[in-house]
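# Understanding the architecture of this molecule
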Amino acid sequence: MKKLLKVTGVTLLAVGAVWTALTIWAESAGPKRSWKLGNQAAKKRALIVYDPDPFYNLDEQVSRSFGQALADNGMQVTVATVKAVEESPEQPIDLYVFCANTYNWALDWSMSSFIRQQVHLDGKPVVAITVGSGGTESAQKALEKIILDRKANLLDSRPLWLMKPNDESRAKESNITVAVSMAYSWGKEIAKQMTAH
């Protein structure tokens, strides 16, 4: 019995150590990447920020699809990772879009730190995208709170999932394909709001 308890204890410690190491790795700021979309002379500028997930790139696909919709509807768009934005000079932005990952049912550290410390959001229109496998509710609430605490104008906030169905009526399609498609449609809605002003 003692041997079984010892083996169980060692196994649990090993699993915990691996889980902790993977969490720290996933939560660390990812590489510097950025893309320019749309007419760079357009009057309205959008900045879409995400921190790359080392396991899946749903965050990047969703961010680029949302950005393409904004660009296709008359906006100048930059899609960039947290590290890329931190290392580039600040420019006037008309719309911020934050695409945050969910790790262990919580908001990703790099994104929350970036919003709290790196951007001035007073009165700025912001869209919040929370991505994850499916259990994103607490991360989404945390993202919204951080944005509102920075006195931003939160236009919209939605989750998009890797594994949980994003649209029950499209269950036969890849969930990633559906999420990317929904991000594009959502981006079009936001572009109409932004270009109407």
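Each remark here, short or long, concerns the structure printed above.
Reference entry: report on the structure contained in this document. (Residues numbered from 1 in each chain as written. Predicted model: local features only at pLDDT ≥ 70, side-chain atom pairs only at ≥ 80, totals over all residues. Heavy atoms only, no water.)

Remark: helix H4 (residues 109-117) packs on helix H5 (residues 137-149), axes separated minimally by 9 Å, with the N-to-C direction vectors making an angle of 10°. Classified by the angle between their axes, H4 and H5 sit roughly parallel to one another. Where H4 crosses over H5, the handedness of that crossing is right-handed. Seen from H4, the contacting residues are Ser112, Ile115 and Arg116; seen from H5, they are Leu143, Ile146 and Ile147. Residue composition of the contact of H4 with H5, by class: 4 nonpolar, 1 polar and 1 charged. (Axes fitted to C-alpha atoms, helices over the stretch in contact; angles between N-to-C directions. Helix = DSSP H or I, 4+ residues; strand = E, 2+ residues; numbered from the N terminus. Parallel < 35°, antiparallel > 145°, perpendicular 65-115°, else oblique. Left-handed = near helix turned anticlockwise from the far one by under 90°. Contact = heavy atoms within 4.5 Å. Nonpolar A, V, L, I, M, F, W, Y, C, P; charged D, E, K, R; others polar.)

One finds Phe66, Leu70, Val77, Leu95 and Ile129 to be the most contacted residues of the largest nonpolar core, which totals 27 residues. Put simply, the parts of the chain that give this core at least two residues each are strand S1 (34-37), strand S2 (45-50), helix H2 (58-72), strand S3 (76-81), strand S4 (95-103), strand S6 (125-132) and helix H6 (175-196). No other element matches the 6 residues that H6 contributes to this core. Those residues in contact with Ile129, other than ones at most four positions away along the chain, are Val62, Phe66, Val97, Phe98, Cys99, Ala100, Leu143, Arg158, Leu160 and Trp186. Among the nonpolar cores identified, the runner-up in size contains 23 residues, and Val85, Phe98, Ala100 and Ala152 belong to it. (Core = buried A, V, L, I, M, F, W, Y, C linked by side-chain atoms within 4.5 Å. Buried < 20%, exposed > 50% of the residue type's maximum accessible area, 1.4 Å probe, protein only.)

Residues Ser110, Met111, Ser112, Phe114 and Ile115 constitute the buried set of H4. Two to three positions downstream of the cap, the backbone nitrogen of Ser110 sits 3.1 Å from a side-chain oxygen, assigning the N-cap of H4 to Asp108. (Polar contact = N/O pair within 3.5 Å; in protein donor to acceptor, adjacent residues only side chain to side chain.)

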